[in-house]
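Reading the structure
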Amino acid sequence: MSNTATSTAPVTRDVTAIGAVIVTILIWASAFPAIRAGLKDFGPIELGVLRFAIAGVPAALYLLITRPGWPRGAEIWRILIGGIFFVALYTVLLNIGEQTVSAGAAAFIINVNPIITAIFAMLLLNETFSRWAWAGTAVSFAGIGFIAFGEGEGLALNLGALFVFGAALCNTVTTIAQKPLFKTHKPVTVAAWNIVIGALILAPAMPDAIAQVPQASTEAILSVIYLGIGPSMIAYASYSIMLSKFPASRASNFLYSVPPISTLLGFLWLGEVPGIVAIVGGAMALAGVVMVNLAK
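Residues numbered from 1 in each chain as written. Predicted model: local features only at pLDDT ≥ 70, side-chain atom pairs only at ≥ 80, totals over all residues. Heavy atoms only, no water.

Structural notes on the packing of aromatic side chains
- Summed over the entire model, instances satisfying the criterion amount to nine aromatic pairs.
- When the ring of Trp28 is compared with that of Tyr239, the centres are 5.2 Å apart and the planes differ by 40 degrees; the resulting orientation is tilted. With Trp28 in helix α1 (residues 15–38) and Tyr239 in helix α10 (residues 218–245), this pair connects stretches of sequence that are 211 residues apart. Neither residue differs from the other here; Trp28 and Tyr239 are each classed as buried. (Phe/Tyr/Trp six-rings, centres within 6.5 Å; stacked < 30°, edge-to-face > 60°. Helix = DSSP H or I, 4+ residues; strand = E, 2+ residues; numbered from the N terminus. Buried < 20%, exposed > 50% of the residue type's maximum accessible area, 1.4 Å probe, protein only.)

A look at helix α2 (residues 44–66)
- Taking 1.5 Å per residue, 23 residues should reach 33 Å; α2 reaches 33 Å between its end C-alpha atoms and fits that length.
- Of all bends in α2, the biggest is about 30 degrees, found at Gly56, and the proline Pro58 comes one to four residues later.
- Those residues of α2 not exposed but buried are Pro44, Glu46, Leu47, Gly48, Val49, Leu50, Arg51, Phe52, Ala55, Gly56, Ala59 and Leu63.
- Where the residues of α2 are buried, they touch α1, α3 (74–97), α8 (187–202), α9 (206–212) and α10.
- Just downstream of α2 lies Arg67, where phi reads positive at about 45 degrees. (Expected span 1.5 Å × (residues − 1). Bend = angle between axes of the 7 residues up to and from the residue. Contact = heavy atoms within 4.5 Å.)

Examining the environment of Ala248
- Relative to the elements of secondary structure, Ala248 occurs in helix α11 (residues 248–253).
- Since its relative accessible area comes to 0%, Ala248 is described here as buried.
- For the pair Ala248 and Leu125, spaced 123 residues apart in the sequence, the C-alpha separation amounts to 8.5 Å.
- The contacts of Ala248, once residues within four sequence positions are left out, are Thr117, Ala121, Leu125, Glu127, Thr175, Lys179 and Leu243.

Regarding the side chain of Asn171
- Relative to the helices and strands, Asn171 resides in helix α7 (residues 159–178).
- Look at Asn171 and you get buried, because its relative accessible area is 4%.
- Those residues in contact with Asn171 that sit more than four places away from it in its chain are Phe86, Tyr90, Asn113, Tyr239 and Leu255.

Some remarks on the pattern of salt bridges
- Enumeration over the complete set of coordinates arrives at one salt bridge.
- Of the charged contacts in the structure, one is a salt bridge between Glu219 and Lys40, with a shortest N-O distance of 3.8 Å. Of the two residues, Glu219 sits in helix α10 while Lys40 sits in the loop between α1 and α2, which places them 179 residues apart along the sequence.
- Look at Glu219 and you get partly exposed, because its relative accessible area is 35%.
- On the basis of relative accessibility, which here comes to 55%, the residue Lys40 falls in the exposed class. (Salt bridge = Lys/Arg side-chain N within 4 Å of Asp/Glu carboxyl O.)

Written as structure tokens, this is what we have:
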């Protein structure tokens, strides 16, 4: 089986690229309420290890069956970055942060990622980002701010906020470091390596995680299972496909669609009713994404 990534041009008519965007946004949006449900009965690290233990088994089987070959040379550290930062650190930092930071505030903080990614993509990957695209990014970021303040709790910047910000930086580091991998590796292969390495790093916490299972509610256990299958196994693969199809700055900008969709899912799943300000913010976030993708 060839291990060469698909060409990045042209993406506007690429059904795979569009499908990857839709799947990533919908599933990662659902991750936020699922994490909150799981944290009711599991610790932040324990939730992470169970989540990626579930995702790690099929990821490892995929690598065994397809045998894509071991990463070589500079590819090794890029693969390790994904497992360490995008899986282990990102998951633990976000889970810890969501214990004390409201969902809207967490979404606001995590979404500094597209801005930082765009800057580093211009500096390190020679990508271009037009003024219109920057304007769209500003509109989206402002919209996320409306969502945060629309919760009625304000934007409390406590210690938990620093953990969420750290998770955002983990995402940025991985996006920039792994973008070159897609010239020679399939996106699903990269995602599988990330998941397996991250699961192994989190594995020492497995005994504590297993000990918490008997006391956990059915809702929390189902949330863990869903996080392992959906936001971990499926969405990590679809995001890798996104990153292989789009410039890093544009791929990360699509994630501004996650908070408004997450707000909607929070209403449907947890009964969290958004205010008018949050609804306006969601519309702004989506409008900004459209602006970026219309930019030349």
